[in-house]
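# Coordinate inspection notes
Spelled out from the first residue to the last, the chains are:
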Amino acid sequence: MPADFLSHPFTPEETAEDHRRLRQQAQAFTSEHIAPLTAPMEARGPHTDHTVRAALAETGWLGVLLCNGWGGLALGHVAKTVILQVLAFTSPAAAAILQASVLGAAPIAEFGSEEMQRAWLPEIAAGRCWPTIAVTEPGRGSHVLGIETTARRSGRQYILEGEKVLVGNAALGDVHCVVARTGKAGKANSLTAFLVEKGTLGLDIVPAPVNGLHGFSVDTVRLTRVCVPATHVIGHVGDGLAVAQHASVVYGRLNLAAVALGTHQRLLQETAQRVTTRPRYRGNLSDLDTVRHRIADMQHHLMTAELAAYHAAHLLDQGVPCDPWLHHAKLTAHRAGAASCEHAKQLWGGHAARLGSTVEQFRRDFDLIHAPAGPDDLQLIRLAEHILGPHRPHWSAHHTT
Ligand SMILES: Cc1cc2nc3c(=O)[nH]c(=O)nc-3n(C[C@H](O)[C@H](O)[C@H](O)COP(=O)(O)OP(=O)(O)OC[C@H]3O[C@@H](n4cnc5c(N)ncnc54)[C@H](O)[C@@H]3O)c2cc1C
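This one's a predicted model, so the numbers in the text were calculated from it and none came from an experiment. (Residues numbered from 1 in each chain as written. Predicted model: local features only at pLDDT ≥ 70, side-chain atom pairs only at ≥ 80, totals over all residues. Heavy atoms only, no water.)

### A word on the UniProt feature "domain: Acyl-CoA dehydrogenase/oxidase N-terminal" (unreviewed entry) in the protein
- Following the UniProt record, one finds the feature "domain: Acyl-CoA dehydrogenase/oxidase N-terminal" (unreviewed entry) at residues 17-127.
- The span residues 17-127 carries 75% helix and 0% strand; its end-to-end C-alpha distance comes to 26 Å. (UniProt positions renumbered as here; feature names shortened; annotations may be inferred. Helix = DSSP H or I, 4+ residues; strand = E, 2+ residues; numbered from the N terminus.)

Set out below in structure tokens:
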């Protein structure tokens with residue numbers, strides 16, 4: 001198995017010890033409460049799983065980043081990465097469920113008024129309220145400034161109209177952070193974020209199954225003349241782009257990197273086990289140089305991805321503006337994992353695609369980690385900007401202040 005990355009900590013020894021303990025606790029919890037759910041979840045195919053939500057609600061992990069004053073654990077981004085990696089090793093879908101609502105809490109925690117925070121964060125930290133973030137639209141994905149969903153002021157409320165797609169946890173969310181247009185297209189302050197509560201008249205969640213991460217769903221959020229009070233504006237009118245980008249860059253990049261790490265790690269473990277037990281000539285596949293080389297390359301990819309993710313998480317925890325490291329962490333986690341998926345495909349031969357096998361499931365789940373928080377091409381665009389310009393302020397600088 002891969003070396004324990006926490007035995008070579010980025011963090012001071014006492015914090016590293018906390019992270020090691022957290023990892024053991026997360027492993028114990030996952031074995032007892034999540035592992036038994038994985039086979040039925042996988043067998044049901046695409047659906048929204050409520051049993052995982054119920055199990056995770058007990059852990060307090062939804063509030064892993066929230067401050068103690070709101071009832072959160074305030075453990076930081078390294079700890080969050082540990083938890084998501086451990087969860088994803090057993091169930092990429094369970095990790096995806098947790099990360100989507102950790103992401104959904106970010107706008108309230110980072111931009112919400114004190115009144116809004118008081119109303120929502122204790123409920124979130126206690127695992128009773130699962131928020132989502134709804135930015136993506138059918139015609140506008142990565143191009144956030146092109147958002148077409150509108151929010152029109154009418155007295156003391158706003159009326160929202162439009163459609164959001166691929167919204168993680170849409171069907172189990174209690175409150176949605178919806179980014180909509182309030183100003184002229186193309187202007188940086190033309191978007192605003194709103195809280196829309198489950199059950200609001202005109203809010204419909206339309207199932208839109210995807211192929212993978214069974215139990216985690218990314219459904220459509222349809223808004224037909226949805227009225228929300230003006231007090232549900234997150235931050236200020238015009239903050240919508242900042243809310244969306246901040247959540248995606250500072251939270252989403254690392255969340256998805258962490259889910260990728262656990263999925264990748266499991267794929268390596270399953271593949272190593274396979275080649276050490278599959279007979280070939282007078283020994284096993286693992287005796288052959290070609291096979292050993294591929295396993296070594298998978299290990300190299302996993303270690304590279306771990307370094308990238310934990311380094312970025314550590315910088316965030318230290319309050320260092322680090323956007324390029326966050327783009328790099330997501331890019332590396334996906335590219336490295338995708339390279340290992342290819343090795344796994346080679347080493348499992350014709351059995352790699354056998355329905356119901358762990359290798360087939362984990363390769364399929366891994367594919368879905370590519371787009372959220374930005375596909376690889378978008379991370380490369382941001383990294384190019386870091387070197388060549390135009391130079392942008394770090395979203396992580398807002399987080400750190
Ligand atoms: C599992 C999963 C969970 C998700 N969770 C959420 C969620 O909780 N909330 C939410 O709002 N959304 C969510 N999404 C949606 C996700 O954020 C989008 O898929 C992502 O932003 C990309 O948008 P798109 O799919 O519309 O692709 P597009 O923006 O259409 O991009 C497609 C491709 O076009 C190319 N491209 C696009 N723009 C450029 C450019 N400027 N320059 C060069 N090439 C470009 C790239 O190759 C890119 O991969 C989720 C998606 C998945 C699969």
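### Here's the deal with the pattern of salt bridges
- Scanning the model with the defined rule gives 14 salt bridges in all.
- Here Asp18 and Arg21 are joined by a salt bridge, their closest N and O atoms 3.6 Å apart. In this pair, Asp18 and Arg21 are both assigned in helix α1 (residues 13-44), three residues apart and thus about one turn of the helix distant.
- The salt bridge partner of Glu385 is Arg382, with a shortest N-O separation of 3.1 Å. Of this pair, Glu385 and Arg382 both sit in helix α10 (residues 376-388), three residues apart, roughly one helical turn.
- Judged by relative accessible area, Glu385 falls into the buried class, the value being 11%.
- Counted as one network, the salt bridges with shared partners bring together Glu42, Glu360 and Arg364. (Salt bridge = Lys/Arg side-chain N within 4 Å of Asp/Glu carboxyl O. Buried < 20%, exposed > 50% of the residue type's maximum accessible area, 1.4 Å probe, protein only.)

### Some remarks on the site of the ligand
- Around the ligand there are 18 residues in total, and Val135, Thr136, Ser142, Leu166 and Asp377 lie nearest to it.
- Residue Val135 places a main-chain N or O atom 2.8 Å away from an oxygen atom belonging to the ligand.
- One nitrogen or oxygen atom from the side chain of Asp377 is found 2.5 Å from an oxygen atom belonging to the ligand.
- Protein coverage of the free-state accessible area of the ligand, which is 970 Å², stands at 64%.
- Among the secondary structure elements, those contributing two or more residues to the shell around the ligand are β1 (131-134), β3 (157-168) and α10.
- A per-class count over the shell around the ligand returns 13 nonpolar, four polar and one charged.
- Counting only domains with at least three residues in the shell around the ligand, you end up with domain 2 (131-241) and domain 3 (242-400). (Near = heavy atom within 4 Å. Polar contact = N/O pair within 3.5 Å; in protein donor to acceptor, adjacent residues only side chain to side chain. Areas by Shrake-Rupley, 256 points an atom, 1.4 Å probe, with all protein chains shown as cover. Nonpolar A, V, L, I, M, F, W, Y, C, P; charged D, E, K, R; others polar. Domains from an automatic or database assignment.)

### Some words on the packing of aromatic side chains
- Taken as a whole and judged by the stated rule, the model has two aromatic pairs.
- Arranged with centres 5.1 Å apart and planes meeting at 75 degrees, the rings of Phe29 and Trp61 form a pair that is edge-to-face. Here Phe29 is found in helix α1, whereas its partner Trp61 is found in the loop between α2 (50-57) and α3 (76-90), with 32 residues between them in sequence. Note on accessibility: Phe29 and Trp61 belong to one class, buried.
- With 5.0 Å between their ring centres and 55 degrees between their planes, Tyr158 and Phe194 make a pair best called tilted. Of this pair, Tyr158 sits in strand β3 while Phe194 sits in strand β5 (residues 191-197); the two residues are 36 residues apart in sequence, bridging distant segments of the chain. (Phe/Tyr/Trp six-rings, centres within 6.5 Å; stacked < 30°, edge-to-face > 60°.)

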